[in-house]
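Residue-level structure breakdown
Here is what each chain is made of, one letter per residue.
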Amino acid sequence: MEAAVTSHKSVEPAVPARAALPEQRAEAAGRSAAAGAPGAAARGASRGLWISSTYFAEGLPYAIAHKVAGEFFTAAGASLEIIGLVSLYGLPWNLKFLWSPLVDLHGSSRRWLVGAEIALAVILLGLAAAADSGALGLVAALFGLVAVAAATHDIAVDGFYLQALDKDAQAAFSGLRVGAYRLALLAGALLVAFAGWASFGASFAVAAIGLALLAGAHGVGLPRPAAAARPEAAVAPGAAAGLRRYAEPFRAFLRQPGIASSLAFILCYRAGDALMFAMSSPLLKSLGLDTAARGNVGGIGTVASIAGSTLGGVLIKRWGLARTIFPIALAQSLAILLYVALAWSRPALPWIVALVTHEQLVAGVGTAVLVVFLMRRCADGYKSSHFAIGSALMSVSATFAGSVSGYLAARVGFTAFFAIAFAASIPGVVLSRWVPRD
């Protein structure tokens, strides 16, 4: 990977030296701040605050549409096949690239971000009212609405991050953003534990209040970065201008050097983890853990994943993506074998906690690598669209693998199933040797 591949700069529009773009001025200001300009520490603290809060707001509805939904149907006594189909809530993340150009071309990432958080709060209030009513069809439909609004929110948050920070700051804060996202997954685990103590309806009400508060804080406190200039092809006049504007982000993404290997890597990198994750709750239930206990174990594991994402950011910053992507991909793959050990040995609770915690630590490191890799595939002027395309492709394997996981686990048993999940992770490890590393 250290081999050479040009970065996304190859698709940036040329800019005359005498007319620096707002992004370039922001980047220069960022370098000045890093060098010790007055107020640099305060700006860094401010950036850290909004990065943490926006990525927490991004991770919480994802946790609800995936982890909490799976736990809800597990607690309701659904079959393995139905629980596996919960992964289909990932479809909006798979397809979000279809409407991602709207975020770049209409309004601003900031407005989309706040609007999506308000919509999520309203939908979760509806879910809170329906969860304890026994109307499982309505609950399933509301989970679907959460997924659509959350995927749109993802586009806006990622685009805002890429627009508001220069390239160096994007990498420097990658550990923080992944950590905040993982902290939201911890909140999701705590919602499950709270549901075991109170009810799922109460848990969804708490989540709705939290997102409403975040929407208010972001509406008031988020910075207002200048919009990036777009290439002429995106704003050309004429009858077909609208279609060209819509299609240009996709063309720019596919023009990047090494795009074939990049696409294959994005699709394969988390395939094994996706299979493993989809059946993790049924496995823990089969080991004797009730809803509250599964929430507590998941919470401990998520804390480990937050530490792992922070560690991953530190490793990438110190040694670079080129030197870290392969060993981290390999470590992530090998960690899946811990679930093979869990399913085979059926250990006592302390060992369950230890193995889940270790796997989640490694998974956090692996996520930090993938986030930086996706950011490097984003061109100026299309950052919301390009990150949405990359992250949507990443989630394709998760949705497909998860949707068939229940049928597979029901037929081969948990031990063989997690061995298959390990095998599914190997192509991503191999591809990590061939993708662009800049």
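Since we're looking at a predicted model, the values are computed, not measured.

Criteria and cut-off values
- Residues numbered from 1 in each chain as written.
- Predicted model: local features only at pLDDT ≥ 70, side-chain atom pairs only at ≥ 80, totals over all residues.
- Heavy atoms only, no water.
- Helix = DSSP H or I, 4+ residues; strand = E, 2+ residues; numbered from the N terminus.
- Buried < 20%, exposed > 50% of the residue type's maximum accessible area, 1.4 Å probe, protein only.
- Contact = heavy atoms within 4.5 Å.
- Areas by Shrake-Rupley, 256 points an atom, 1.4 Å probe, with all protein chains shown as cover.
- Polar contact = N/O pair within 3.5 Å; in protein donor to acceptor, adjacent residues only side chain to side chain.
- Axes fitted to C-alpha atoms, helices over the stretch in contact; angles between N-to-C directions.
- Parallel < 35°, antiparallel > 145°, perpendicular 65-115°, else oblique.
- Left-handed = near helix turned anticlockwise from the far one by under 90°.
- Nonpolar A, V, L, I, M, F, W, Y, C, P; charged D, E, K, R; others polar.
- Salt bridge = Lys/Arg side-chain N within 4 Å of Asp/Glu carboxyl O.
- Phe/Tyr/Trp six-rings, centres within 6.5 Å; stacked < 30°, edge-to-face > 60°.
- Patch = residues over 30% accessible without salt bridge, like charges linked within 9 Å, V, L, I, M, F, W, Y side chains within 5 Å.
- pLDDT = per-residue confidence, 0-100.

Topic: the overall build of the protein chain
- For the protein chain, the helix and strand inventory stands at 19 helices and zero strands.
- Across the 438 residues of the protein chain, 54% fall into the buried class.
- In the protein chain, the share of contacts with a sequence separation of at least 24, taken over all contacts with a separation of at least 6, comes to 86%.
- Accessible surface for the protein chain amounts to roughly 17400 Å². Of this, 70% is attributable to carbon and sulfur atoms.

Let's talk about the side chain of Thr324
- Among the secondary structure elements, Thr324 is positioned in helix α15 (residues 291-335).
- Within the structure, the side chain of Thr324 is placed 2.9 Å from the backbone oxygen of Gly320, a separation counted as a polar contact.

Focus on the packing of α15 against helix α17 (residues 349-375)
- Across the interface, α15 lies against α17 with an axial gap of 3 Å and an inter-helix angle of 40°. Looking at the two axes, α15 sits oblique to α17. Along this stretch, α15 crosses α17, giving a crossing that reads as right-handed.
- Counted by class, the contact of α15 with α17 contains 23 nonpolar, 13 polar and one charged residues.

Concerning the pattern of salt bridges
- This model, assessed by the stated rule, comprises seven salt bridges.
- Linking Arg251 and Glu248 is a salt bridge whose minimum nitrogen-to-oxygen distance equals 3.3 Å. On the criterion of helical spacing, the pair formed by Arg251 and Glu248 is a turn pair, its members being three residues apart in helix α11 (residues 241-254).
- Between Arg270 and Asp273 there is a salt bridge whose closest N-O contact spans 3.3 Å. In this structure, Arg270 and Asp273 share a single accessibility class: buried.
- Each of Lys67, Glu71 and Arg294 takes part in a single network of salt bridges with overlapping partners.

Concerning unusual backbone geometry
- The phi torsion at Arg346 lies on the positive side, around 50°, for a residue other than glycine.
- On the secondary structure map, Arg346 appears in the loop between α16 (337-345) and α17.

What about the environment of Ile336?
- With respect to the element layout, Ile336 can be found in the loop between α15 and α16.
- Linking Ile336 and Ala419, residues 83 residues apart in sequence, is a C-alpha distance of 8.0 Å.
- Apart from residues lying up to four places away in sequence, Ile336 is in contact with Gly272, Asp273, Met276, Phe418, Ala421, Phe422 and Ser425.

Brief notes about the packing of aromatic side chains
- Applying the stated criterion across every chain yields a total of 17 aromatic pairs.
- Between Phe194 and Trp197, the ring centres sit 5.6 Å apart and the planes meet at 40°, which makes this aromatic pair tilted. One end of the pair, Phe194, and the other, Trp197, are both in helix α9 (residues 174-197), three residues apart, so they sit about a helical turn from each other.
- On the basis of relative accessible area, Phe194 is assigned to the partly exposed category, the value being 27%.
- When its relative accessible area of 69% is taken as the criterion, Trp197 is described as exposed.

Here we look at a nonpolar patch on the surface
- Among the surface-exposed residues, Leu88, Leu91, Leu95 and Leu98 lie close enough to one another that they form a single nonpolar patch of about 310 Å² accessible area.
- Its place among the elements puts Leu98 in the loop between α4 (91-95) and α5 (100-105).
- Judged by relative accessible area, which is 40%, Leu98 ranks as partly exposed.

So, the confidence of the model for the protein chain
- For the protein chain, per-residue confidence averages 81 on the pLDDT scale, and 85% of positions sit at 70 or higher.
- When the criterion is pLDDT under 50, residues 1-38 qualifies, and its contacts beyond four places in sequence or with other chains add up to 50 contacts.
- Of the regions scoring below 50 in pLDDT, residues 232-236 engages in eight contacts with residues more than four places distant in sequence or in other chains.

Quick notes on the environment of Ala304
- Looking at the secondary structure, you find Ala304 in helix α15.
- The buried category is assigned to Ala304, whose relative accessible area is 9%.
- A C-alpha to C-alpha distance of 8.4 Å links Ala304 and Val362, two positions 58 residues apart in sequence.
- Residues contacting Ala304, with those up to four places away along its chain left out, are Thr357, Gln360 and Leu361.

Looking at the environment of Leu49
- Note that Leu49 resides in helix α2 (residues 40-75).
- C-alpha separation for the pair Leu49 and Leu222, spaced 173 residues apart in sequence, amounts to 9.7 Å.

Some details on the side chain of Ser425
- Tracing the sequence through the fold places Ser425 in helix α19 (residues 414-431).
- Classification of Ser425 as buried rests on a relative accessible area of 5%.

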